[in-house]
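# Working through the structure, step by step
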Amino acid sequence: MKIINPSFEIIGNVDGSAIVRHIEKCGRVCYKSEDRITDDSAEKFVAGIIQRGHEAVLEHASVTVKFICDRGVSHEIVRHRLASFCQESTRYCNYSSDKFGSEITVIRPCFTDENEMGFNRWKSICEAAERSYFMLLDFGWSPQEARAVLPNSLKTEVVMTANLREWRHFLKLRTDNAAHPQMREMARPLLCTMQELVPVVFDNITWRDYCDAN
């Protein structure tokens, strides 16, 4: 059994400046103010529509992200219905095959330390699930049948494509202190990455607003 940390990857070349200019070009149709487009007008325009709550304009641009996380977190990700998803399928992936190293991969829980008794108990339970899964495959069960014993900690890959309005919604929810700790573990650095890649659009969202005072 392999234990890994969660991660994410922006798929494709994200040209944030081009995205903001595209949003401005689309949004100015509403006001018939295309004549006010200049080389440096896009960021101010986008900041203005966000401040006014006219976020429908942000739906004209999208970003694709691949998450590597556990199955439990993936269930929360795919609840964002305005996005498009592709996900690693336990119905068709046979983890006893060489492609997967003949082992399952699980995501290390961020809320426990490897020196704690709880971590060791979690690890032994996952190893028992792996043995049970392989045993059921040996009994002739198909992967989609044997997966019934696999834990929520099982690693999965989810590709999510969403427009920028939905990404704002996603990041507001998933960086909050009320979000699952393993979701926050990915969402907070993703927010920082989005802020670096795309000017203005995510600037007024910061997970630091949700941190405990101490």
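Before any of the text, the structure's been laid out above.
The following refers to the structure shown. (Residues numbered from 1 in each chain as written. Predicted model: local features only at pLDDT ≥ 70, side-chain atom pairs only at ≥ 80, totals over all residues. Heavy atoms only, no water.)

## Some details on helix α4 (residues 117-138)
What counts is decided by this rule: The secondary structure listing takes helices from DSSP runs of H or I that are at least 4 residues long and strands from runs of E that are at least 2 residues long, numbered from the N terminus. What a helix should span is 1.5 Å times the count of its residues minus one. For the exposure calls, accessible area comes from a 1.4 Å probe over protein chains only, and a residue counts as buried if that area is under 20% of its type's maximum, exposed if over 50%, partly exposed in between. Think of the arc as the fan of directions from the helix axis to the C-beta atoms. Residue contacts follow a heavy-atom distance rule, with two residues in contact if any of their heavy atoms lie within 4.5 Å.
For α4, with 22 residues, the first-to-last C-alpha span of 32 Å sits near the 32 Å given by 1.5 Å per residue. Of all the residues in α4, the buried ones are Phe119, Trp122, Cys126, Ala129, Glu130, Tyr133, Phe134, Leu136 and Leu137. Seen along its axis, α4 keeps its buried residues to an arc of 160°; they face one direction. Summarising the geometry of α4, the exposed residues directed more than 90 degrees from the buried face are Met117, Arg121, Ile125, Arg131 and Asp138. Contacts made by the buried residues of α4 are with β1 (2-4), β5 (105-107) and α5 (143-146). One or two steps after α4, the chain reaches Gly140, where phi turns positive at roughly 100°.

## Things to note about helix α6 (residues 164-174)
One full turn of an α-helix is made of 3.6 residues, so residues set three or four places apart face in the same direction. Every buried residue of α6 is accounted for by Leu164, Glu166, Trp167, Arg168, Phe170, Leu171 and Arg174. If you follow the buried residues of α6, they end up packed against α1 (16-31), α2 (42-51), β3 (62-70), α3 (71-77), β6 (155-163) and α7 (181-197).

## Quick notes on the packing of α1 against α2
Counted only if it meets this: In this description, a line fitted to the C-alpha atoms serves as the axis of each element, helices being fitted only across the stretch in contact, and the angle between N-to-C directions of two axes falls anywhere from 0 to 180 degrees. Put simply, angles under 35 degrees are roughly parallel, angles over 145 are roughly antiparallel, angles from 65 to 115 are roughly perpendicular, and the rest are oblique. For any helix crossing, the convention is left-handed if the near helix is rotated counterclockwise from the far helix by under a right angle, and right-handed if that rotation is clockwise. Amino acids outside the nonpolar list (Ala, Val, Leu, Ile, Met, Phe, Trp, Tyr, Cys, Pro) and the charged list (Asp, Glu, Lys, Arg) are all regarded as polar, and Gly is one of them.
α2 packs onto α1 with a crossing angle of 60° between their chain directions and a minimal axis gap of 9 Å. Between α1 and α2, the angle falls in the class oblique. Crossing handedness for the pair α1 and α2: left-handed. For the pair α1 and α2, contact is made by Val20, Arg21, Ile23, Glu24, Gly27, Arg28 and Tyr31 and by Ala42, Glu43, Phe45, Val46 and Ile49, respectively. Here the residues of the contact of α1 with α2 sort into seven nonpolar, one polar and four charged.

## Re a nonpolar patch on the surface
Rules: Like charges are joined within 9 Å and nonpolar side chains (Val, Leu, Ile, Met, Phe, Trp, Tyr) within 5 Å, but only among residues with over 30% relative accessible area and no salt bridge; these make up the patches. Each accessible area is a Shrake-Rupley estimate made with a 1.4 Å probe; only the visible protein chains count as cover when residues are assessed. Put simply, a salt bridge is a Lys or Arg side-chain nitrogen that is within 4 Å of an Asp or Glu carboxyl oxygen.
A cluster of nonpolar side chains, namely Met135, Phe139 and Trp141, defines an oily patch on the protein surface of about 360 Å² accessible area. Residue Phe139 is classed as exposed on the basis of its relative accessible area of 60%.

## Things to note about the nonpolar core
The condition is simple: In plain words, nonpolar cores are sets of buried Ala, Val, Leu, Ile, Met, Phe, Trp, Tyr and Cys residues tied together by side-chain atoms within 4.5 Å.
Counting residues in each nonpolar core, the largest one holds 37 residues, and the members touching the most others are Ile23, Phe67, Ile77, Leu164, Trp167 and Phe202. Secondary-structure elements contributing two or more residues to this core are α1, α2, β3, α3, β6, α6 and α7. With 14 residues, the next largest nonpolar core counts Tyr95, Val106, Leu136 and Ala146 among its residues.

## Digging into the pattern of salt bridges
Between side chains of opposite charge, a pair can form when the charged atoms approach closely. A full pass over the atoms with the stated rule returns ten salt bridges. Here Glu55 ties to Arg168 by a salt bridge, and the two come within 3.1 Å at their closest N and O atoms. Linking Glu55 in the loop between α2 and β3 with Arg168 in helix α6, this pair joins segments that are 113 residues apart in sequence. Across the pair, Arg168 and Glu55 agree in class, each one buried. Put simply, Glu9, Lys66, Glu88, Lys155 and Glu157 are held in one network by salt bridges that share partners.

## Some remarks on unusual backbone geometry
Of note, Lys32 is a non-glycine position whose phi angle comes to about 50°, a positive value. Looking at the secondary structure, you find Lys32 in the loop between α1 and α2. Positioned with a positive phi, Ser102 is a non-glycine residue whose angle comes to about 55°. As for its placement among the helices and strands, Ser102 is situated in the loop between β4 (84-87) and β5.

## As for a negative patch on the surface
Condition: Charge assignment in this entry is limited to Lys and Arg as positive and Asp and Glu as negative, and neither His nor the chain termini are counted. We put the charge of a Lys on NZ, of an Arg on CZ, of an Asp on CG and of a Glu on CD.
A cluster of like negative charges, contributed by Asp39, Asp40, Glu43 and Asp203, occupies part of the molecular surface. By the secondary structure assignment, Glu43 is in helix α2. By relative accessible area, which is 42% here, Glu43 ends up partly exposed.

## Notes on the sheet that holds β3
Spelled out, the test is: Only when DSSP finds a minimum of two bridges between them are two strands counted as paired.
On the basis of which strands lie adjacent, the open sheet formed by four strands has the order β2-β3-β6-β4 and antiparallel pairing. Two strands lie at the open edges of the sheet, namely β2 (7-11) and β4, each paired on one side alone. Here the average twist between neighbouring strands, direction ignored, is 20°. Pairing geometry for β3 and β6, over nine bridges, is antiparallel. Pairing of Cys69 across the sheet is with Thr156, part of β6. Those strands touched by α6 are β3 and β6, and its axis lies near 130° from that of β6.

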